[in-house]
Amino acid sequence: MSRAERKMDHIQFALATGQSKKNMFDDIRFVHQALPDTAVSDICIKPKTGDLNLQSPVFINAMTGGGGQDTHQLNGLLARVARETGMAMAVGSQMAALKDANERQSYAVVRKEHPNGIFFSNLGSEATVQQANDAVEMIGANALQIHLNVVQELTMPEGDRDFRGALERIQAIVEGVNVPVIVKETGFGISRETAEKLRSCNVSAIDVSGFGGTNFASIENKRRQRKLSYFEDWGIPTAPAIVEVKSVFDKTVLASGGIQDARDMIKAFLLGADAVGLAGSFLKVAMQEGEKQLISDIHSLYEDLTMMMTALGAENLMELQKCPAIITGEMAQYLTARGFNPASYACVTKN
């Protein structure tokens, strides 16, 4: 099986498998504000994301890789959606195109469809500095995502088995490219300890990419004779992963992993995320309902986020962190066990 065929299998398995929704956002409930003292016209949803310079609070996260005509068509569609909605977009892993120049156009199409867009290149932590620069050049990228996917690789029948030296390679890439570097997981979350290591590398942003979205261990298990079932419930759920990373990382924190609607988004902002990435839910609409419907759904996301911020009296995304909320259930237990105080979110006061 070629890399392109395997990656398209990933897409089909992702559509069939869906998202587990075990990201713990359901354990968060805002305290209603009957006197919010704000208006819809007061709301600003533009995020503060440092040198990433995002214009939208939500971006299209990486979901394709491997090249081929299918990747070319999907990347073109997503780039047009990004153009019509003001969103940034991450492409899938470009390693296939670095190894086969014939695959370059399946990624370069995004810049053709959206010449002024904000795009993130994407490579794994095995990449060299030269490969990182080549990936950035391929799409004229504004930033580079380095993805961490230990569990996926271990579950993948033909996956990597040696993960030594990854932090040192990330450090070299940060020093060797001229665009911001984002480090992201692939659906299993980033802990406080990992975030501390990445902070030492001076990365510009961390995408927590927590458990609760597309489960790549489950997808890879469908391709195995002997299932590694223990990896299918492995990882840090997205909501507590934001808290973990935010506690030690003072640059841009991105949240992804099963985020499906504005309710999930607003809770991610409450916990400290600066912007959120969606992949699985966008992929499903794009593949099953088409480009126009996805554009419409994204504009509805913006409207829903604005409405909820108005109800809470938060005029911008940063003010959402000052809105009181109750954290219960498994998330409260998780945070307490990790040394965080879930009650602190219920006792915040706005100036």
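Residues numbered from 1 in each chain as written. Predicted model: local features only at pLDDT ≥ 70, side-chain atom pairs only at ≥ 80, totals over all residues. Heavy atoms only, no water.

(A) Summary view of the pattern of salt bridges. One pass over the full model with this rule turns up 10 salt bridges. Measuring nitrogen to oxygen at the nearest pair gives 3.2 Å for the salt bridge that ties Arg-80 to Glu-113. On the criterion of sequence distance, the pair formed by Arg-80 in helix α2 (residues 69–85) and Glu-113 in helix α4 (residues 105–113) is long-range, its members being 33 residues apart. For Glu-113, a relative accessible area of 22% corresponds to the partly exposed category. Here Arg-164 and Asp-162 are joined by a salt bridge, their closest N and O atoms 2.6 Å apart. Here Asp-162 falls in the partly exposed class, since its relative accessible area comes to 42%. A cluster of three or more residues bridged by salt bridges with shared partners is formed by Arg-80, Glu-113 and Glu-291. (Salt bridge = Lys/Arg side-chain N within 4 Å of Asp/Glu carboxyl O. Helix = DSSP H or I, 4+ residues; strand = E, 2+ residues; numbered from the N terminus. Buried < 20%, exposed > 50% of the residue type's maximum accessible area, 1.4 Å probe, protein only.)

(B) Structural context of α4. Buried residues of α4: Ser-106, Tyr-107, Ala-108, Val-109, Val-110 and Arg-111, and no others. On the buried face of α4, the contacting elements are α2, β3 (89–90), α3 (95–99), β4 (119–124) and α5 (129–139). (Contact = heavy atoms within 4.5 Å.)

(C) How the structure looks around the packing of aromatic side chains. Across all of its chains, the model carries 3 aromatic pairs by this definition. With 4.9 Å between their ring centres and 65° between their planes, Tyr-230 and Phe-231 make a pair best called edge-to-face. For Tyr-230, a relative accessible area of 47% puts it in the partly exposed group. Its relative accessible area of 9% is what places Phe-231 among the buried residues. (Phe/Tyr/Trp six-rings, centres within 6.5 Å; stacked < 30°, edge-to-face > 60°.)

(D) Molecular detail of the UniProt feature "binding site: Mg(2+)" (unreviewed entry) in the protein. As annotated by UniProt and renumbered to match this structure, "binding site: Mg(2+)" (unreviewed entry) occupies Glu-153. Locating Glu-153 in the fold gives a position in helix α6 (residues 150–155). Overall, the relative accessible area of 12% leaves Glu-153 in the buried class. (UniProt positions renumbered as here; feature names shortened; annotations may be inferred.)

(E) A look at the environment of Glu-113. For the pair Glu-113 and Met-89, spaced 24 residues apart in sequence, the C-alpha to C-alpha distance is 12 Å. Apart from the residues within four sequence positions on either side, Glu-113 is in contact with Gly-76, Ala-79, Arg-80 and Arg-83.

(F) Highlighting unusual backbone geometry. In the Ramachandran plot, Asp-37 falls in the positive-phi region, its phi being about 55° despite a non-glycine side chain. With respect to the secondary-structure elements, Asp-37 resides in the loop between β1 (28–30) and β2 (58–60). With a phi angle near 35°, Ser-209 is a residue other than glycine that sits in the positive phi range. Looking at where Ser-209 falls in the secondary structure, it is placed in the loop between β7 (205–207) and α9 (216–221). Judged by relative accessible area, which is 5%, Ser-209 ranks as buried.

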